[in-house]
Amino acid sequence: MLKIEQLQISYETFGLEIEEIEFPQGVNVVLGPNGGGKSSFMEGIIGYGHETLSKRSIQFRGEPLERVEGIISYLPQENPRFRVLVREYLTMTSGSVPKRVFDETVMNFDLEGLLGHSIESLSGGEFKRAQCAQVALEDKPVIMLDEMEQGLDMNYQHEMMDWICREGEGKVIVASMHDASLALTYADTITLVKDGRAEGPMPSASVTAEMLSACYGLPLTVKRQEGVALVYRNLL
Ligand SMILES: Nc1ncnc2c1ncn2[C@@H]1O[C@H](COP(=O)(O)OP(=O)(O)OP(=O)(O)O)[C@@H](O)[C@H]1O
Ligand SMILES: [Mg+2]
């Protein structure tokens, strides 16, 4: 569905090179170590950073994707805050939406009590929920979230994973994460990005402890039980 035919980014001391990977409809999680290239990969898909982007050939539903507006909602790893009320912030990028849709979204993201607050005054996790609600209201066919669980408490991490799983029923989701247990529990596919190279997407169920250990340079165990995955460091 979202096909990256070629993507090449060259910074002074780091290069990312991707050939032929395709993200299907559903939840596609990108994992990998700090500095591995996850954010660069996502920025490259968006087309951000022209001067460092030497190759970029992307297709969505078989059509070349030159301009991403209208197709991709993108939540970067770092986001500036504005002095604007949550109520206004939510529809800033979507324009007016039916009241019913707005109210439902506000409820889904537990933002009822925060609508009259300034975006600047929100806690880290509250801001993240407002950002995700803004993305939900944009209602574009591809959602890309960089470090999607960052700043969320355990309850909201699961709520947000439930949300992207629902969105993934009709959209292509690409989310980078650091919590491998959460990722393997909820994702349909996993892509490992390290040293500017990508391995995947592969079905979540096929990701082994050996693959993750090699990716992070850390001896890890993967346990799967009753639909839940647990990734932990070997202590012996
Ligand atoms: N604009 C830039 N100019 C020069 N180097 C950059 C730039 N952006 C990223 N890099 C370098 O590219 C490498 C990959 O960075 P990137 O942000 O893509 O990693 P990441 O996988 O998202 O890491 P993290 O998990 O820490 O967010 C790093 O070594 C980083 O220092
Ligand atoms: Mg990053």
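What you are looking at is a predicted structure, and each value in this text was computed from that prediction instead of being measured. (Residues numbered from 1 in each chain as written. Chains lettered and ligands numbered in written order. Predicted model: local features only at pLDDT ≥ 70, side-chain atom pairs only at ≥ 80, totals over all residues. Heavy atoms only, no water.)

**Student:** It is not clear to me how the pairing of strand β3 (residues 26–31) should be interpreted in this structure. Could you clarify?
**Tutor:** Across the six residues that make up β3, a large majority, six, are buried. Pairing geometry for β3 and strand β8 (residues 172–176), over five bridges, is parallel. Residue pairing for β8: Gly26 is matched across the bridge by Val172. In this sheet, strand β9 (residues 189–194) lies alongside β3 in parallel orientation, the contact comprising four bridges. Paired with Val30 across the two strands is Thr191, which belongs to β9. (Buried < 20%, exposed > 50% of the residue type's maximum accessible area, 1.4 Å probe, protein only. Helix = DSSP H or I, 4+ residues; strand = E, 2+ residues; numbered from the N terminus. Pairing = 2+ DSSP bridges.)

**Student:** Just checking my understanding: could you explain the packing of helix α4 (residues 124–138) against helix α5 (residues 154–167) for this structure?
**Tutor:** In a pair of packed helices, the angle between the axes and the distance between the axes together describe the arrangement. Where α4 meets α5, the axes come as close as 12 Å, and the angle between the chain directions of the two elements is 10°. Classified by the angle between their axes, α4 and α5 sit roughly parallel to one another. Residue-level contacts link Arg129, Cys132, Val135 and Ala136 of α4 to Tyr156, Met160, Trp163 and Glu167 of α5. By residue class, the composition of the contact of α4 with α5 is six nonpolar, no polar and two charged. (Axes fitted to C-alpha atoms, helices over the stretch in contact; angles between N-to-C directions. Parallel < 35°, antiparallel > 145°, perpendicular 65-115°, else oblique. Contact = heavy atoms within 4.5 Å. Nonpolar A, V, L, I, M, F, W, Y, C, P; charged D, E, K, R; others polar.)

**Student:** Explanation requested: the packing of helix α3 (residues 99–108) against α4 in the structure shown.
**Tutor:** Relative orientation of the contacting elements α3 and α4 amounts to 150°, with a least axis distance of 10 Å. Classed by the angle they form, the pair α3 and α4 counts as roughly antiparallel. Both α3 and α4 take part in a crossing whose hand is right-handed. Here Val101, Phe102 and Thr105 of α3 come into contact with α4, specifically with Ala133, Ala136 and Leu137. (Left-handed = near helix turned anticlockwise from the far one by under 90°.)

**Student:** Explanation requested: the coordination of the magnesium ion (ligand 2) in the structure shown.
**Tutor:** Expected angles at a metal are 109.5 degrees for tetrahedral coordination by four donors and either 90 or 180 degrees for octahedral coordination by six donors. At 2.0 to 2.1 Å from the magnesium ion (ligand 2) lie its protein donor atoms, namely Ser39 (OG) and Gln77 (OE1). Of this pair, Ser39 sits in helix α1 (residues 38–46) while Gln77 sits in the loop between β6 (72–75) and α2 (86–90), and the two are 38 residues apart along the sequence. Assessed through its relative accessible area of 19%, Ser39 is described here as buried. (Donors = N, O, S within 2.8 Å, 3.2 Å for Na, K, Ca; no water.)

**Student:** Just to check I follow, could you spell out the packing of aromatic side chains for this structure?
**Tutor:** Scanning the entire structure with this criterion turns up four aromatic pairs. Between the aromatic rings of Phe109 and Trp163, the centroid separation amounts to 5.2 Å while the plane-to-plane angle is 75°, which identifies the pairing as edge-to-face. Taken together, the positions of Phe109 in the loop between α3 and α4 and Trp163 in helix α5 put the pair 54 residues apart, joining distant regions of the chain. Above the face of the Tyr156 ring, Arg129 is positioned so that its terminal group lies 4.0 Å from the ring centre. (Phe/Tyr/Trp six-rings, centres within 6.5 Å; stacked < 30°, edge-to-face > 60°. Lys NZ or Arg CZ within 6 Å of the ring centre and 35° of its normal.)

**Student:** Whenever I open this one, the sheet that holds β6 confuses me. Can you help?
**Tutor:** For sheets, the rule is that strands pair by backbone hydrogen bonds, running either parallel or antiparallel. A sheet is described by the order of its strands in space; here six strands give the open sequence β6-β7-β8-β3-β9-β10, paired in mixed fashion. Strands with a single pairing partner mark the edges of an open sheet, and in this sheet they are β6 and β10 (197–203). Between one strand axis and the next, the sheet turns through 15° on average, direction left out of account.

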